[in-house]
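Here is how the chains run, residue by residue.
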Amino acid sequence: MNLPEIQRAVEILKSGGVVVLPTETVYGLACDALNPEAVLRVFTIKARPSDNPLIVHVDRFERVAEIAQNVPPEAARLAERFWPGPLTMVLQKAPRVPDVTTGGLDTVAVRVPNHPLTLEVLKASGLALAAPSANVFTELSPTSVEDLSDAVRAGADLVLDGGPCAVGVESTVLDLTEVPARILRPGAITAEDLASCGIEAVKSDGSGLRRSPGRYPRHYAPRTPVILVASIPEGAGGLCFGLPENPTQIQMPSDPSGYRRELYRALHRLDRLRLGAVYVEVPPQGPEWEAVQDRLLKASSAPG
Ligand code: TXA
Ligand code: MG
């Protein structure tokens with residue numbers, strides 16, 4: 001592990017700076033979650049609306065008590081099973097968490113990310129780190145440092161390179177402040193996974209938009225229009241399942257976790273080619289594909 005880099009990240013974060021950190025899902029733009037000025041800087045770099053709350057990252061479940069209160073017993077069970085990992089829990093916020101971090105809500109989103117570098121930064125700093133995905137608002141999230149935008153690079157005090165992200169799409173967001181629990185954003189951990197842990201969660205319908213302010217229709221979108229199709233038109237570029245017919249087509253893995261891991265990287269790559277459109281062959285249905293389907297729908301919805 002690169003100790004001097006970790007040490008620098010810790011110093012920067014402790015003094016209110018902003019660091020791009022790797023996680024297993026996507027890269028995050030991290031700062032001290034309890035420092036309102038630092039959090040404001042993150043919102044500014046991302047050009048993110050101030051009512052869109054951030055996820056707070058800690059290094060282990062025991063530390064959730066520092067930022068949340070009245071934590072239900074289900075949270076411990078889920079943490080035991082899925083942390084560190086791509087599950088974010090929405091809980092009642094502790095008073096010490098500043099309003100800017102939670103977008104003025106009385107709840108806070110928490111997770112323990114599964115990446116050795118970032119776990120080390122969390123441990124060594126003793127901080128709780130607010131870290132939204134390291135993209136500019138509405139743009140694609142980066143799953144490697146190569147895909148960071150210039151605006152994010154320029155805004156951050158340091159970029160820690162932890163290699164390509166293993167999961168590739170943002171964490172599952174689960175609201176535990178209501179019964180039944182509600183999935184506000186689908187991710188690698190599915191409703192079926194939660195059920196196997198004894199948690200019957202309902203999926204968010206349209207009303208989830210209100211409950212989770214970050215669920216804007218157009219999100220995770222490249223600049224190039226994304227069009228979902230049964231098969232890519234002759235001569236055009238996009239993501240396919242079969243063999244590519246030209247250099248602007250990318251063959252995607254046929255299994256859901258492989259597809260998920262490659263999705264943003266592939267879209268970033270095609271976005272740089274400045275094609276007229278990116279055609280994406282619709283992946284299969286089914287619980288394992290839900291996160292991918294969700295991100296593709298958002299990427300392909302019309303701007304505005
Ligand atoms: O995988 C991930 O979760 C990545 C990595 C960096 O950890 N982070 C991430 O953060 O995706 P962000 O800020 O891009 O997305 C956070 C999502 C948003 O949809 C936001 O609205 C929702 O979580 N959220 C955060 N706090 C919430 C709260 N208190 N209540 C409801 N939704 C919340
Ligand atoms: Mg995001």
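Residues numbered from 1 in each chain as written. Chains lettered and ligands numbered in written order. Predicted model: local features only at pLDDT ≥ 70, side-chain atom pairs only at ≥ 80, totals over all residues. Heavy atoms only, no water.

*Asks:* How do you make sense of the site of ligand 1 when you look at a structure like this?
*Replies:* The full set close to ligand 1 counts 26 residues, and Thr 25, Arg 48, His 57, Ser 133 and Ser 171 are the nearest of them. In this structure, Asn 52 approaches ligand 1 through a side-chain N or O atom, which is 3.1 Å from an oxygen atom. Considering ligand 1 on its own, with 680 Å² of exposed area, one finds that the protein chains cover 98% of that surface. Elements represented by at least two residues in the shell around ligand 1 include exactly strand 3 (55-57), strand 6 (107-111) and strand 10 (182-185). It is strand 6 that provides the largest number of residues to the shell around ligand 1, a total of 4 residues. (Near = heavy atom within 4 Å. Polar contact = N/O pair within 3.5 Å; in protein donor to acceptor, adjacent residues only side chain to side chain. Areas by Shrake-Rupley, 256 points an atom, 1.4 Å probe, with all protein chains shown as cover. Helix = DSSP H or I, 4+ residues; strand = E, 2+ residues; numbered from the N terminus.)

*Asks:* Just checking my understanding: could you explain the packing of helix 8 (residues 256-272) against helix 9 (residues 290-300) for this structure?
*Replies:* Helix-helix packing is characterised by the crossing angle of the two axes and by the distance between the axes. Running from amino to carboxyl end, helix 8 crosses helix 9 at an angle of 20°, the nearest separation of the two axes being 9 Å. One finds that helix 8 runs roughly parallel with respect to helix 9. As for the relative orientation of helix 8 and helix 9, their crossing is left-handed in sense. Of the residues in helix 9, those in contact with Tyr 259, Arg 260, Leu 263 and Tyr 264 of helix 8 are Ala 291, Val 292, Arg 295 and Leu 296. Taken together, the residues of the contact of helix 8 with helix 9 break down into 6 nonpolar, no polar and 2 charged. (Axes fitted to C-alpha atoms, helices over the stretch in contact; angles between N-to-C directions. Parallel < 35°, antiparallel > 145°, perpendicular 65-115°, else oblique. Left-handed = near helix turned anticlockwise from the far one by under 90°. Contact = heavy atoms within 4.5 Å. Nonpolar A, V, L, I, M, F, W, Y, C, P; charged D, E, K, R; others polar.)

*Asks:* Please clarify how the nonpolar core should be interpreted in this entry.
*Replies:* Nonpolar side chains tend to gather and get buried jointly when the protein is soluble and globular. Core analysis: the largest hydrophobic core is formed by 65 residues, its most contacted members being Leu 29, Leu 78, Leu 87, Met 89, Val 121, Leu 174 and Leu 194. Not counting the four nearest positions on each side in its chain, Met 89 is found in contact with Ala 75, Leu 78, Ala 79, Trp 83, Val 108, Ala 109, Val 110, Leu 174 and Leu 176. Judged by nonpolar contacts, the second largest core, of 20 residues, contains Leu 239, Leu 267, Trp 289 and Val 292. (Core = buried A, V, L, I, M, F, W, Y, C linked by side-chain atoms within 4.5 Å. Buried < 20%, exposed > 50% of the residue type's maximum accessible area, 1.4 Å probe, protein only.)

*Asks:* Got a minute to help me understand the environment of Asn 70 in this structure?
*Replies:* Summarising the element assignment, Asn 70 is placed in the loop between strand 4 (68-69) and helix 3 (73-82). A sequence separation of 24 residues divides Asn 70 from Ala 94, and the C-alpha atoms of the two residues are 8.9 Å apart. For Asn 70, the side chain forms a polar contact with the side chain of Gln 92, separated by 2.7 Å.

*Asks:* How do you make sense of the environment of Leu 174 when you look at a structure like this?
*Replies:* The topology assignment puts Leu 174 in strand 9 (residues 172-175). Under the relative-accessibility criterion, Leu 174 is labelled buried at 0%. With 29 residues separating them in the primary sequence, Leu 174 and Lys 203 have C-alpha atoms 9.3 Å apart. Setting aside residues up to four positions removed in sequence, Leu 174 forms contacts with Leu 78, Leu 87, Thr 88, Met 89, Val 90, Ala 181, Arg 182, Ile 183, Leu 194 and Ala 201.

*Asks:* I keep staring at the sheet that holds strand 15 (residues 278-281) and nothing clicks. Help me out?
*Replies:* Two pairing modes exist for strands in a sheet, parallel and antiparallel, and in both the strands are linked by backbone hydrogen bonds. Reading across from one edge, 12-15-13-14 is the order of the 4 strands in this open sheet, with parallel pairing throughout. Unpaired on one side and paired on the other, strand 12 (226-229) and strand 14 (249-251) mark the two borders of the sheet. The sheet shows a mean angle of 25° between the axes of neighbouring strands, taken without regard to direction. Here strand 12 pairs with strand 15 via 4 bridges, running parallel. Bridge pairing links Ile 227 to Tyr 279 in strand 15. Contacting strand 13 (238-240), strand 14 and strand 15, helix 8 runs over the sheet at an angle of about 150° to strand 13. Against the sheet, helix 9 contacts strand 12 and strand 15, and its axis sits at roughly 125° relative to strand 12. (Pairing = 2+ DSSP bridges.)

*Asks:* Would you take a moment to explain the packing of helix 1 (residues 3-14) against helix 4 (residues 116-125) for this structure?
*Replies:* Across the interface, helix 1 lies against helix 4 with an axial gap of 9 Å and an inter-helix angle of 55°. Accordingly, the angle class assigned to the pair helix 1 and helix 4 is oblique. Judged by the twist between their axes, the crossing of helix 1 over helix 4 is right-handed. Facing Ile 6, Ala 9, Val 10, Leu 13 and Lys 14 of helix 1, the residues of helix 4 in contact are Leu 117, Glu 120, Val 121, Ala 124 and Ser 125. Residues of the contact of helix 1 with helix 4, tallied by class, amount to 7 nonpolar, 1 polar and 2 charged.

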